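Close look at the chain arrangement
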Amino acid sequence: DICLIRSSGTHSSTGGSTLLGYIGIDTIIEQMRKKTMKTGFDFNIMVVGHSGLGKSTLVNTLFKSQVSRRSAGWARDEKIPKTVEIKSVSHVIEEGGVKMKLTLVDTPGFGDQINNDNCWEPISKFINEQYEKFLKEEVNITRKKRIPDTRVHCCLYFISPTGHSLRQLDIEFMKRLSHSVNIIPIIAKADTMTTEERQEFKQRVRKELEMSGIEFYPQKEFDDDMEDKSDNDKIREAMPFAVVGSDKEYQVNGKRVLGRKTAWGVVEVENPNHCEFAQLRDFLIRSHLQDLKEVTHNIHYETYRAKRLNENGGLHPISSSDTQESNL
Amino acid sequence: ALIQCKTSTLNWQQRNLEGYVGFANLPNQVYRKSVKRGFEFTLMVVGESGLGKSTLINSLFLTDLYSKDYPGPSQRIKKTVQVEQSKVLVKEGGVQLTLTIVDTPGFGDAVDNSNCWQPVINYIDSKCEDFLNAESRVNRRSMPDNRVHCCLYFIAPSGHGLKPLDIEFMKRLHDKVNVIPLIAKADTLTPEECQLFKKQIMKEIQEHKIKIYEFPDTEDDEDNKLIRKIKEKMPLAVVGSNVVIEVNGKKVRGRQYPWGVAEVENGEHCDFTVLRNMLIRTHMQDLKDVTNNVHYENYRSKKLAAVTCNGVDASKTKGQLTKSPLAQMEEERRDHVMKMKKMEAEMEQVFEMKVKEKKQKLKDSEAELERRHEQMKRNLEAQYKELEEKRRVFEEEKVNWEAQQRILEQQKLDASKTMEKNKKKGKIF
């Protein structure tokens, strides 16, 4: 809700040039909001981690709806695929008049084989392919009004709660992909660890990430100003978030909560004393969703584009006739 | 009680005794002897790091096998799979147990885990080999039994099913050692998830024909009921902890979460007590027996069959496995004798050839010598002739010279004669 500042012709308290009357520049926020609500926006999230870490459950919990491909009619005990596959599922969800086209990219088979060498390659290829698609559209002579954005805005990397340290595969993956996509590491199935174990594990993981030079989102180098920096510092201190996912509801103290019922108590997903799911959700959706998209577009995509245009003497703009064929 | 006696000697018959004989005391004697000897048990734990293996061992045996001063292998980062053993002597009620825990740090932790089971297989085989060698020795007084009696395989609580690594490992080890699969960190799963997971695992185990350790049926009905209950719970879902927490005034071992305490020894929370009872209180001896009678015998027959049929085709090996060792030894002896004969013949041949060669050589050198001798003789004769020639010349010269001398002398004489004559003449004048 926007409050109109009426200035009665004399000096305004914010400095700058004084306004002699109300103009209405501040209504631009309202105009932007209206437009965004009409067009809606895209958000593409990728989940990576070996099977059994609760990826699908967590995504369902995050978006409070059955959006994972497990629920889209896939059998629960599917066989582990022999190579890493990339499967994406799209849903349109609406809240408060705002439409979001959420695309979830799953990577079954990652880290499940006996020999996991190069299992990050199909994922890297997929991410680059999305950049390539966008680049081709951008470079066209006659461009579409709104280029469909299939680029991966955020990659949630699930760390296994061993309680000891990161695995070799985790470090390899994050090292290789932190420069082409926003990686948010999270500790899966956090109800395996007691509070002390969780703190110790987090510290150790953070140290290892630092030592390996892995820049996870929010990256320090992209903090715009001091305010951003202090906000992001707080978040970086608390990462990686230790989360628990659930899509079942139970009655606790008269309230209905999302949780997991064990013989010794109910793990409440949204209780900050139990796990850090609420923090992750707020961070991911309520405060940094737009920033994730911006960093992807302004930084990761631009890096890719610069690299592509510098090699092979650059891309040639495609004529409209070619476009018709390539868009099939 | 009457003694029923029949004249046939081959039938074993149940006889009733008239009085107390006393061999009912036999089990006590066996017991006392065993207690004096002490027991040995080797337990192997396999699984990825971070699955709570060390904690579970500490909980099972109520000791701190791995503590802050001697951290467990999982606290140290390993690049390749190692096999480490730790021995602990535990005493309880006069019975002493030498417990060996074999740990496999680094298993399944690398990016490429192909053949990470090989060090484990090598270890198990080497222990069986040690025992085989000890058994075959002449002096068998002390035979320590270091064979692996039981292998606890830890499955990560994913909730879905077995991983390819789990299946590969169990397939390769199920005929070498007793494999007992466990679901680790079972407090991650809710009861429903646990049930589904167990069913899925058992299904996959049957699909891949993996032979996990089977509990033997007993004659006692009560025991059978218990055993059937245990079988239904396989694979056992365990939680380990050595931390004592107070719950409702009671001190229990468990894990303290913000939402409650997961009690390790509570049957409704996890299957830890089932595992402990089964492993230590009821089936320890059976595990040792199965290791000795089945796994070790498999190893032994494979090993010995390979040794006695060295150099023979693999297809023939299969048939020869059914012969008795004595027949095999006879055959071996015959083979050996034939081989010896052949070797002898060969040697003779070689010998003859060598002799011929030597003779030829000697002949050659003899001819050479003769030739040289001839040459030398000729040289000598030539020299002799030369010398003779010289001599002749010399003689001739000598004769000439002598002749000349004589002439000279004659002349001299003549000269002196005339002088004399002249003198005489002169004087006379």
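Residues numbered from 1 in each chain as written. Chains lettered and ligands numbered in written order. Predicted model: local features only at pLDDT ≥ 70, side-chain atom pairs only at ≥ 80, totals over all residues. Heavy atoms only, no water.

Considerations on the overall build of chain B
Assigned secondary structure in chain B consists of ten helices and nine strands. Contacts in chain B between residues at least 24 apart in sequence constitute 65% of all its contacts with a sequence separation of at least 6. Summed over all atoms, the accessible surface of chain B reaches about 29400 Å², with 54% contributed by carbon and sulfur. (Helix = DSSP H or I, 4+ residues; strand = E, 2+ residues; numbered from the N terminus. Contact = heavy atoms within 4.5 Å. Areas by Shrake-Rupley, 256 points an atom, 1.4 Å probe, with all protein chains shown as cover.)

Some points on the overall build of chain A
Within chain A, the regular secondary structure consists of nine helices and nine strands. Counting every position in chain A, which comprises 328 residues, the buried fraction comes to 48%. Taking as baseline every contact in chain A between residues at least 6 positions apart, the subset at least 24 positions apart corresponds to 69%. For chain A, the accessible area works out to roughly 17600 Å², and carbon and sulfur atoms hold 51% of it. (Buried < 20%, exposed > 50% of the residue type's maximum accessible area, 1.4 Å probe, protein only.)

Concerning the confidence of the model for chain B
Mean pLDDT over chain B stands at 82; residues scoring 70 or higher make up 88%. Taken together, the chains of this predicted complex give a pTM of 0.71 and an interface ipTM of 0.75. (pLDDT = per-residue confidence, 0-100.)

Some details on the domain arrangement of chain B
Domains assigned within chain B are domain 1 (27-67 + 78-309) and domain 2 (334-421). Here the C-alpha centroids of domain 1 of chain B and domain 2 of chain B sit 98 Å apart. (Domains from an automatic or database assignment.)

Some details on the sheet that holds strand β4 (residues 150-155) of chain B
All names here are of chain B. Judged by pairing direction, the sheet is mixed, and its six strands sit side by side in the order β2-β3-β1-β4-β5-β6 without closing on themselves. Two strands in the sheet have a free side with no partner beyond their single neighbour: β2 (84-92) and β6 (236-237). Where β4 meets strand β5 (residues 179-183), five bridges bridge the pair, whose relative direction is parallel. Note on β5: the bridge partner recorded for Leu152 is Ile180. (Pairing = 2+ DSSP bridges.)

With respect to helix α3 (residues 118-136) of chain B
Under the 1.5 Å per step criterion, the end-to-end length of α3(B) is 27 Å for 19 residues, consistent within 8% with the ideal 27 Å. Along α3(B), the residues classified as buried are B:Val120, B:Ile121, B:Tyr123, B:Ile124, B:Lys127, B:Cys128, B:Phe131, B:Leu132 and B:Ala134. (Expected span 1.5 Å × (residues − 1).)

Regarding the nonpolar core
Core analysis: the largest hydrophobic core is formed by 79 residues, its most contacted members being A:Phe173 and A:Ile184. For this core, the element with the most residues is helix α3 (residues 121-139) of chain A, which contributes seven residues. Once you skip the residues sitting within four places of it in the chain, A:Phe173 turns out to touch A:Val48, A:Phe110, A:Trp120, A:Ile123, A:Cys155, A:Tyr157 and A:Ile183. Listed in part, the 69 residues of the second largest apolar core include B:Ile205, B:Ala237, B:Phe272 and B:Met278. (Core = buried A, V, L, I, M, F, W, Y, C linked by side-chain atoms within 4.5 Å.)

Thoughts on the environment of A:Leu209
Residue and element names in this part refer to chain A. Within the secondary structure layout, Leu209 lies in helix α5 (residues 195-211). With a relative accessible area of 1%, Leu209 lands in the buried category. When the C-alpha positions of Leu209 and Val252 are compared, they lie 37 Å apart, and in sequence the two are 43 residues distant. Each residue touching Leu209, except ones within four places of it in the same chain, is listed here: Leu166, Met174, Pro185, Ile214 and Phe216.

Digging into the sheet that holds strand β9 (residues 265-268) of chain A
Residue and element names in this part refer to chain A. Read across the open sheet, the three strands follow the order β7-β8-β9; overall the sheet is antiparallel. This sheet does not close on itself; its edge strands, each paired only once, are β7 (249-252) and β9. Neighbour to neighbour, the strand axes of the sheet diverge by 70° on average, direction disregarded. (Axes fitted to C-alpha atoms, helices over the stretch in contact; angles between N-to-C directions.)

Re the confidence of the model for chain A
On average, chain A scores 80 in pLDDT, and the residues at 70 or more come to 84%. For residues 71-77 of chain A, every residue scores under 50 in pLDDT, and the model assigns this stretch ten contacts once sequence neighbours within four places are set aside.

Overview of the interface of chain A and chain B
Size of an interface: often given as the accessible area lost when the parts come together. Taken together, the 39 residues of chain A in the interface contact 40 residues of chain B. Both faces considered, chain A and chain B share a buried interface measuring about 3400 Å² in area, 53% of it formed by carbon and sulfur atoms. Looking only at chain A, the three residues that lose the most surface to chain B are A:Ile114, A:His164 and A:Trp264, adding up to 24% of its buried area. Where chain A touches chain B, the interface holds three salt bridges. The salt bridge partner of A:Arg260 is B:Glu193, with a shortest N-O separation of 2.7 Å. (Buried area = accessible area lost by both parts, 1.4 Å probe. Salt bridge = Lys/Arg side-chain N within 4 Å of Asp/Glu carboxyl O.)

Quick notes on the side chain of B:Glu48
Positionally, B:Glu48 belongs in the loop between β1 (39-46) and α2 (53-61). Taking relative accessible area as the criterion, B:Glu48 reaches 9% and is therefore assigned buried. A polar contact of 2.6 Å, which involves the side chain of B:Glu48, links it to the side chain of A:Arg167. Among residues more than four places away in sequence, those in contact with B:Glu48 are A:Arg167, B:Lys53, B:Phe107, B:Gly108, B:Asp109 and B:Lys163. (Polar contact = N/O pair within 3.5 Å; in protein donor to acceptor, adjacent residues only side chain to side chain.)

What about the packing of aromatic side chains?
Residue and element names in this part refer to chain A. Counting across every chain of the model gives 13 aromatic pairs over all chains. Measuring from ring centre to ring centre gives 5.9 Å for Tyr217 and Phe283, while their planes differ by 40°; the resulting arrangement is tilted. Placement of Tyr217 in the loop between α5 and α6 (226-238) and of Phe283 in helix α7 (residues 277-287) is noted, with a sequence separation of 66 residues between them. A single burial state applies to Tyr217 and to Phe283, both of which are buried. (Phe/Tyr/Trp six-rings, centres within 6.5 Å; stacked < 30°, edge-to-face > 60°.)

So, the side chain of A:Thr192
By the element assignment, A:Thr192 lies in the loop between β5 (183-187) and α5. When its relative accessible area of 4% is taken as the criterion, A:Thr192 is described as buried. Apart from residues no more than four positions distant in its own chain, A:Thr192 is found in contact with A:Pro161, A:Glu197, B:Lys185, B:Asp187, B:Thr188, B:Arg255 and B:Tyr257.

Focus: a nonpolar patch on the surface
Side chains of A:Ile28, A:Ile29 and A:Met32 sit close together on the surface and give an oily, nonpolar patch of about 320 Å² of accessible area. Relative to the helices and strands, A:Ile29 resides in helix α1 (residues 27-39). (Patch = residues over 30% accessible without salt bridge, like charges linked within 9 Å, V, L, I, M, F, W, Y side chains within 5 Å.)

Focus: unusual backbone geometry
The omega angle of the peptide bond from A:Met239 to A:Pro240 is -5°, so this bond is cis rather than trans. Assignment of secondary structure puts A:Pro240 in the loop between α6 and β6 (241-242). Omega for the bond connecting B:Met234 with B:Pro235 falls within 30 degrees of zero, at -10°, which places this linkage in the cis form. Tracing the backbone shows B:Pro235 in the loop between α6 (221-233) and β6.

Notes on the pattern of salt bridges
All told, the structure shown has 34 salt bridges over all chains when counted by the stated rule. For A:Asp282, the salt bridge goes to A:Arg281, with nearest N and O atoms at 3.6 Å. Put simply, B:Glu48 and B:Lys163 hold a salt bridge, and the shortest N to O gap is 3.1 Å. With a gap of 115 residues between them, B:Glu48 in the loop between β1 and α2 and B:Lys163 in the loop between β4 and α4 (164-173) connect regions that are remote in the sequence. In the salt-bridge network here, residues are joined through shared partners; they are A:Glu132, A:Lys136, A:Arg308 and A:Glu311.

Here's the deal with a negative patch on the surface
A cluster of acidic residues, A:Asp224, A:Asp225, A:Glu227, A:Asp231 and A:Glu294, forms a negative patch on the protein surface. On the accessibility criterion, A:Glu227 (59% relative accessible area) is exposed. (Lys, Arg positive; Asp, Glu negative; His and termini not counted. Charge placed at Lys NZ, Arg CZ, Asp CG, Glu CD.)

Structural notes on the pairing of β4(B)
Residue and element names in this part refer to chain B. Along β4, six of the six residues are buried, which leaves the element largely enclosed by surrounding structure. Here β4 shows no split at all, with Cys150, Leu152 and Phe154 on one side and Cys151, Tyr153 and Ile155 on the other all buried. Relative to β4, β1 runs parallel, the two sharing four bridges. By the bridge assignment for β4, Met44 is matched with Cys151. With α4 bridging β4 and its parallel neighbour β5, the resulting β-α-β unit is right-handed. (Right-handed = clockwise from strand over helix to strand, strands pointing away.)

Thoughts on the packing of α3(A) against helix α8 (residues 289-310) of chain A
All names here are of chain A. For the pair α3 and α8, the least separation of the axes is 10 Å and the interaxial angle reads 80°. As the angle between them shows, α3 and α8 are arranged roughly perpendicular. Between α3 and α8, the residues in contact are Asn128, Tyr131, Glu132, Phe134, Leu135 and Glu138 and Thr296, His297, His300, Tyr301, Tyr304, Arg305 and Arg308, respectively. In terms of residue class, the contact of α3 with α8 is built from five nonpolar, four polar and four charged. (Parallel < 35°, antiparallel > 145°, perpendicular 65-115°, else oblique. Nonpolar A, V, L, I, M, F, W, Y, C, P; charged D, E, K, R; others polar.)

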